[in-house]
Number of protein chains: 2
Amino acid sequence: MPSYRAPTADVSFLLNDVFGIEKYGNLPGFSDLSPDMLEAILSEGAKLCEEMLQPLNRVGDLEGCKRHDDGRVTTPKGFKEAYDAYTGGGWLGLSADPEYGGQGLPYTMGAIINEFSSSANMAFSMYPGLTMGAIAALHTHANSEIKATYLPKMIEGSWSGTMNLTEPHCGTDLGLIKTKAAPQGDGSYKISGTKIFISAGEQDLTENIIHLVLARIEGAPEGVKGISLFVVPKFLPKPDGSIGARNAVSCGSIEHKMGIHGNSTCVMNYDGATGWLVGAENKGLNAMFVMMNEARLGVAIQGLAQSEAAYQNAVAYAKDRIQGRALTGTKEPTKAADPIIVHPDVRRTLLSIRAFNEAARALVLWTALKSDVAHRSDDDKAKQDADDLLGLMTPVLKGVLTDCGFDNAVKAQQMFGGHGYIEEWGMSQFVRDARIAMIYEGANGIQALDLVGRKLPRDGGRAVMAFFNEVQSFIKANEADESLKPLLGALGKSLGHLQQATMWFMQNAMANPDNAGAGSSDYMHLFGLVALGYMWGLQAKVAQAKLAEGANGDAERLETKLVLAKFYAERMLPETGAQLARISSGSTTIMGLPADRF
Amino acid sequence: MPSYRAPTADVSFLLNDVFGIEKYGNLPGFSDLSPDMLEAILSEGAKLCEEMLQPLNRVGDLEGCKRHDDGRVTTPKGFKEAYDAYTGGGWLGLSADPEYGGQGLPYTMGAIINEFSSSANMAFSMYPGLTMGAIAALHTHANSEIKATYLPKMIEGSWSGTMNLTEPHCGTDLGLIKTKAAPQGDGSYKISGTKIFISAGEQDLTENIIHLVLARIEGAPEGVKGISLFVVPKFLPKPDGSIGARNAVSCGSIEHKMGIHGNSTCVMNYDGATGWLVGAENKGLNAMFVMMNEARLGVAIQGLAQSEAAYQNAVAYAKDRIQGRALTGTKEPTKAADPIIVHPDVRRTLLSIRAFNEAARALVLWTALKSDVAHRSDDDKAKQDADDLLGLMTPVLKGVLTDCGFDNAVKAQQMFGGHGYIEEWGMSQFVRDARIAMIYEGANGIQALDLVGRKLPRDGGRAVMAFFNEVQSFIKANEADESLKPLLGALGKSLGHLQQATMWFMQNAMANPDNAGAGSSDYMHLFGLVALGYMWGLQAKVAQAKLAEGANGDAERLETKLVLAKFYAERMLPETGAQLARISSGSTTIMGLPADRF
């Protein structure tokens, strides 16, 4: 049976030593976060995830969700108790607005707990996760009446939220949405249509389910310009806040999926269900984008989370499993064989996962802090700078962390040999669960297009130039430091590749956008390697400095950081040259083959 | 529901145009293979796989195998009928020795049918596949009495074969085997012990199951030098060839696996079961290696097979699914959206799978022909040369084709968006089934070690030098051909990387074998990229020549080959530079971290 320990010490190192969270004390929410409180949140969150959520992970996989003939859906045994503990502890509203009952703590803290809970039980953590996304969308776009009605219940967790975009014939291309909204003259609409792949669309955890639904108001313009967002509760709220009549929305079936069996993925049928407009008519995509962007960061975290959980179990197995002898001669003569962690290929594999994990966690926190600044600062310039980088990094995080998270789960599974293929060991579940993160909230190919097609050129490239400058300045400021030289030299070279690739797009994509499309996935990963390399630069610098000061007690952790940074430079950054070569090969060959010859 | 069409035209192109199968007419089995007969075998084999095996693929996945309380195992519905059709058609004995009822056709033909049947239904094709491996081991090592008793029944398919190596505490490290063999004085032994992960260990397809079992004779030396191979039938054969008493071997349980549900993976208990020695005492590993090497090629083919099947379905989906518009403007104005195959990133993904598939198929056939020469030629020099390259290429094929086969199944699944994650579409099954091929018959890390630790230095590097010379000579012989220049230029550069990496090992692995271990996986994949690139060179040259001759009717296929070769050079070969850089970084960082800090 797999196990999990939340990486609280690494998070503390990142927040306190690398990112200096105390510098953010002027922002709402941060000022309430004393060092003691921070540690208490980390350790209490870790405890909940390790002791309550993790033991239910395999239960959820084995049992899955069950839809009954009347449309009810039962979640796996134990999920309801865990959900009550999760919401009862205030975890759902951790960073939500205090005006509606939230704790108002930084989004960054929510992102950390999201990692822990996704590592412990990804299928479970999607239930509160979807609600958090819906809270964000309503908080930003709904009118005060809707907010007052729904937000307190959702933040306390007694009502949940869902996100209804996809229809059988359209996912990526939301302009094709057919679900209809007919105005009733009293401010409400009747919603009719079918939505698919609705995570947590129906369940038995909450007394009400609040669906956010994209639909087309009768007579609206065609395409994405005619799409509006509606709030459609399962039970209509009564004026006193209690639940009233059942609305005409129901779960038609649930999907049989490769993984995340513990989360119900529903076909939702809207048969003239009553709903209310959120935000302006025909501006539904804008409103939904708030939820989608938050969800994309959440999904990126899922990729990291599965990689971390898979890593921990692979390390435990590699230390325990004895098989063969070290290439350089017997290491454990009293045993029949050496533990497989003596083998360079096993270590290389494990280090490649960990060098990703600890940089990805840093990049998540770096980006989450930008999100907090963008949403909470009263300094317009700081807000804009943070928002620029948040927008730029969102597709990179979503695409890279989920692609690598899945690959890492596969690598960790490989360490188990044949046992990795047997479901009882739990490694298969990490792989199967991690797989969906590459697909939902915009398949990773779409993330790559969002990056090269939208985020790169936006505001004349302001965001990407700011990022390049930041990395370049860091390299320059530290180039005299001999011990950082190998890492920063490699990072500088990779940054050069990224800049050349960016230039190549500027020169070649205008004339032919297919040149951008053909290189988009490589570019996203090239960007990710540089961003993660920058995170290693920041961490190595701090580790170095603290070791020089004589970091009592913490030397092992800090020395390990330096080993991982070196590994990253030696084994992971070399890929950027290949990516640049592929990008520069353009689209002629790719577009030349007629479709019928594929 | 997924579909499958066997790539018979591509196989014909490779056998006839690229490898000139008529040149092998002097070898036994090849002389019987007229062009008409070859085509008939391909089309009949295709028909069986497409019409009988493929429709059972999802049935097998859904239903799985069931063990009953009495130890019997039931295979999925329809498997028995399919098995009877398969064996009844003589497919199991296609390349087996005519002396025992086989058809004596080239092993190469068996490899082709193996690809078709694994694409159609991997879990099913393992039943005859294991039997073929057991036939090879018995044919090479067993005495004439054992051969006469078992081979005819196994070749006709009424008895099946299995391979019993792994025990709960050992897989890779067979020196730890505990299963015991006690001589009975009558030439037989009593075998006692537990074997795990035994594919097809128990089933309801055949009247008898012949287990090949590694065990330790009482008093044998420790480690791999004390392991012998035994034949242990489920039912003891009577002198007349009919089945007699039940032997003391039984299936204790079956595993719950990530995939290949249609194949029973058994824990086999030997409780003093009667067995007979195959080959010499304590030379069991040698005998088993015949089976393992054949099995490794078979597993490599499974990797290709899943990649091919997944590709075909992804292409069909990409042509059918409409979503969004082409980056360069609407392509299908009469439809609500363009098919997703207009998108460069979709095409890039599909071409990367196909450029692998068609080169991998070529490399399988190239290697299978070496196997035929090594086993059937009477020219000692030719035999040795072929055997050298067969030995060298076996770990490369096993490691690279299964790693890439899995990755490609994942990529193909990605083309389906959310639908790829839903089991009904069948893409998840390709991924889950393909995953095991990276693990069994020696996990891919072991293949990489076999390559760098054994195959590279063997006979003073004779095999690897021969391979480098062959590729180098091909490049040199064709360097004047302008149209091949882009491909051969890139291939020459990658071959240079491979040669540098080989040199680096020679200089650094002697002093410290960890330097070889740390680079072994990258080296295996670097080797694979060059070998597959060479296959593109061979194919492009032929395609070019035939187009110049005015290939009537076949122009589309030949032009497509040239596009794929170009794609391979532009998008896949650039990776070799990164691999060389990683290899050259050595083992210091990797080995430096103490095990308890992982």
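Please read these numbers as outputs of a predicted model, since none were measured by experiment. (Residues numbered from 1 in each chain as written. Chains lettered and ligands numbered in written order. Predicted model: local features only at pLDDT ≥ 70, side-chain atom pairs only at ≥ 80, totals over all residues. Heavy atoms only, no water.)

Moving on: the overall build of chain A. Check the secondary structure of chain A and you find 17 helices and 11 strands. Seen through its C-alpha atoms, chain A measures out along the principal axes to roughly 80 × 60 × 60 Å. Relative to its full complement of 598 residues, chain A shows a buried share of 64%. Excluding contacts between residues fewer than 6 apart, the proportion of contacts in chain A whose partners are at least 24 apart in sequence is 73%. (Helix = DSSP H or I, 4+ residues; strand = E, 2+ residues; numbered from the N terminus. Buried < 20%, exposed > 50% of the residue type's maximum accessible area, 1.4 Å probe, protein only. Contact = heavy atoms within 4.5 Å.)

A few words on the environment of A:Tyr4. Residues and elements named next belong to chain A. Examined against the element boundaries, Tyr4 turns out to sit in the segment before α1 (8-18). Here the alpha-carbon distance between Tyr4 and Leu327, two residues 323 residues apart in the chain, equals 31 Å. Contact partners of Tyr4, with chain neighbours within four places excluded, come to Glu50, Gln54, Glu115, Phe116, Ser119, Ala120, Glu308, Ala309 and Gln312.

Taken together, the contacts link 93 residues of chain B with 93 residues of chain A. Counting the surface lost from both chain B and chain A, the interface buries some 8,000 Å², and carbon and sulfur atoms represent 58% of this. Of all residues in chain B, B:Tyr421, B:Arg571 and B:Phe598 give up the largest surface area on contact with chain A, accounting jointly for 12% of the area buried on that side. There are eight salt bridges connecting chain B and chain A. Between B:Glu559 and A:Arg597 there is a salt bridge, and its shortest N-O distance comes to 2.9 Å. (Buried area = accessible area lost by both parts, 1.4 Å probe. Salt bridge = Lys/Arg side-chain N within 4 Å of Asp/Glu carboxyl O.)

Overlay of chain B on chain A (RMSD 0.0 Å): rotation 180 degrees, translation along the axis 0.0 Å. As the rotation angle and translation indicate, the two copies are arranged about a two-fold axis. For chain B, the residue whose C-alpha comes nearest the rotation axis is B:Ala578, separated from it by 3.3 Å. An overlap of 100% is found between the interface residues of chain B and their copies at the interface of chain A, pointing to a shared contact surface. (Least-squares fit on C-alpha atoms with pLDDT ≥ 70 in both.)

What follows is about the environment of A:Ala318. Assignment of secondary structure puts A:Ala318 in helix α7 (residues 284-320). The spacing of A:Ala318 and A:Gly157 is 161 residues in sequence and 40 Å in space, taken between C-alpha atoms.

This paragraph deals with the packing of aromatic side chains. Scanning the entire structure with this criterion turns up 37 aromatic pairs over all chains. Between B:Tyr24 and B:Phe30 the ring centres are 5.6 Å apart and the planes differ by 25 degrees, which places this aromatic pair in the stacked class. Using a relative accessible area of 5% as the deciding quantity, one classes B:Phe30 as buried. Cluster of aromatic residues (ring-pair linked, three or more members): A:Trp366, A:Phe467, A:Phe468, A:Phe474, A:Trp504, A:Phe505, A:Tyr523, A:Phe527 and A:Tyr534. Over the aromatic face of A:Phe406 sits the side chain of A:Arg435, whose NZ or CZ is 5.6 Å from the ring centroid. (Phe/Tyr/Trp six-rings, centres within 6.5 Å; stacked < 30°, edge-to-face > 60°. Lys NZ or Arg CZ within 6 Å of the ring centre and 35° of its normal.)

So, about the pattern of salt bridges. All names here are of chain A. Tallied over the full model, the rule gives 66 salt bridges over all chains. Note that Asp522 is salt-bridged to Arg582, the shortest N-O span being 3.1 Å. Residue Asp522 is found in helix α14 (residues 514-549), and its partner Arg582 is found in helix α16 (residues 575-584); the two are separated by 60 residues along the sequence. For the pair formed by Asp522 and Arg582, the shared burial category is buried. Residues joined by salt bridges that share partners form a network here, namely Asp10, Glu115, Glu308, Arg354, Glu358, Arg361, Asp554, Arg557 and Lys561.

Note: predicted coordinates in regions of low pLDDT should not be interpreted at a detailed level. In this model, chain A carries a mean pLDDT of 97, and residues with pLDDT of at least 70 account for 100%. Among the prediction metrics, the complex's ipTM stands at 0.98, with pTM recorded as 0.98. (pLDDT = per-residue confidence, 0-100.)

It is worth spelling out the pairing of strand β3 (residues 159-164) of chain B at this point. Residues and elements named next belong to chain B. Within β3, six of the six residues are buried, leaving the element largely enclosed by the surrounding structure. Residues of β3 alternate between two faces, with Trp159, Gly161 and Met163 on one and Ser160, Thr162 and Asn164 on the opposite face, all of them buried. With six bridges joining them, β3 and strand β6 (residues 208-217) adopt parallel strand pairing. The residue of β6 that forms the bridge with Thr162 is His211. (Pairing = 2+ DSSP bridges.)

This brings us to the nonpolar core. As a rule of thumb, soluble globular proteins bury nonpolar side chains together. One finds A:Phe467, A:Tyr523, A:Phe527, B:Phe467, B:Tyr523 and B:Phe527 to be the most contacted residues of the largest nonpolar core, which totals 416 residues. Excluding residues within four positions of it along the chain, B:Phe467 makes contact with B:Trp366, B:Leu389, B:Leu392, B:Met393, B:Phe527, B:Val530, B:Ala531 and B:Tyr534. (Core = buried A, V, L, I, M, F, W, Y, C linked by side-chain atoms within 4.5 Å.)

Attention shifts here to the packing of helix α8 (residues 344-376) of chain A against α14(A). Residues and elements named next belong to chain A. Where α8 meets α14, the closest approach of the two axes is 9 Å, and the angle between their N-to-C directions is 90 degrees. With respect to α14, the axis of α8 lies roughly perpendicular. On the side of α8, the interface is formed by Arg354, Ala355, Phe356, Glu358, Ala359, Ala360, Ala362, Leu363 and Trp366, while α14 contributes Ala531, Leu532, Tyr534, Met535, Trp536 and Gln539. Across the contact of α8 with α14, the residue classes tally to 12 nonpolar, one polar and two charged. (Axes fitted to C-alpha atoms, helices over the stretch in contact; angles between N-to-C directions. Parallel < 35°, antiparallel > 145°, perpendicular 65-115°, else oblique. Nonpolar A, V, L, I, M, F, W, Y, C, P; charged D, E, K, R; others polar.)

Residues and elements named next belong to chain A. By the secondary structure assignment, Thr74 is in strand β2 (residues 73-74). Each C-alpha atom, one on Thr74 and one on Leu593, is 49 Å from the other, the two residues being 519 residues apart in sequence. Sequence-distant contacts of Thr74, that is, excluding residues within four places in its chain, are made with Gly64, Cys65, Lys66, His68 and Asp204. At 2.4 Å, the side chain of Thr74 and the side chain of His68 are in polar contact. (Polar contact = N/O pair within 3.5 Å; in protein donor to acceptor, adjacent residues only side chain to side chain.)

Residues and elements named next belong to chain A. Taking 1.5 Å of rise per residue, 20 residues should cover 28 Å, and helix α12 (residues 458-477) covers 28 Å from first to last C-alpha, within 8% of that figure. Along its length, α12 shows its largest kink, about 30 degrees, at Met465. Packing partners of the buried residues in α12 comprise α8, α9 (380-414), α13 (485-508) and α14. (Expected span 1.5 Å × (residues − 1). Bend = angle between axes of the 7 residues up to and from the residue.)

Here the focus is the packing of α7(A) against α8(A). Residue and element names in this part refer to chain A. Axis separation between α7 and α8 bottoms out at 9 Å; the angle between their running directions is 150 degrees. Compared by their axis directions, α7 and α8 come out roughly antiparallel. Along this stretch, α7 crosses α8, giving a crossing that reads as left-handed. Between α7 and α8, the contacting residues are Leu297, Ile301, Leu304, Ser307, Glu308, Tyr311, Ala314, Val315 and Ala318 on the first element and Val346, Leu350, Ile353, Arg354, Phe356, Asn357, Ala360, Arg361, Val364 and Thr367 on the second. Looking at the contact of α7 with α8 residue by residue, the classes come out as 13 nonpolar, three polar and three charged. (Left-handed = near helix turned anticlockwise from the far one by under 90°.)

Attention now moves to the state of the cysteines. Residue and element names in this part refer to chain A. Scanning the model with the defined rule gives zero disulfides over all chains in all. No disulfide involves Cys49; its nearest neighbouring cysteine sulfur is the one of Cys65, lying 19 Å away. Unpaired in terms of disulfides, Cys65 finds its nearest cysteine sulfur in Cys266, a separation of 7.8 Å. (Disulfide = S-S within 2.5 Å.)

With that settled, the discussion passes to the side chain of A:Asn263. Tracing the sequence through the fold places A:Asn263 in the loop between β10 (249-254) and β11 (265-278). Once residues within four sequence positions are removed from consideration, A:Asn263 is found in contact with A:Cys65, A:Ala123, A:Met126, A:Tyr127, A:Ser199, A:Ala200 and A:Lys257.

Residue and element names in this part refer to chain A. Mapping Ser494 onto the fold places it in helix α13. In terms of polar contacts, Ser494 uses its side chain to reach the backbone carbonyl oxygen of Leu573, at 3.4 Å. Not counting the four nearest positions on each side in its chain, Ser494 is found in contact with Leu526, Val530, Leu573 and Thr576.

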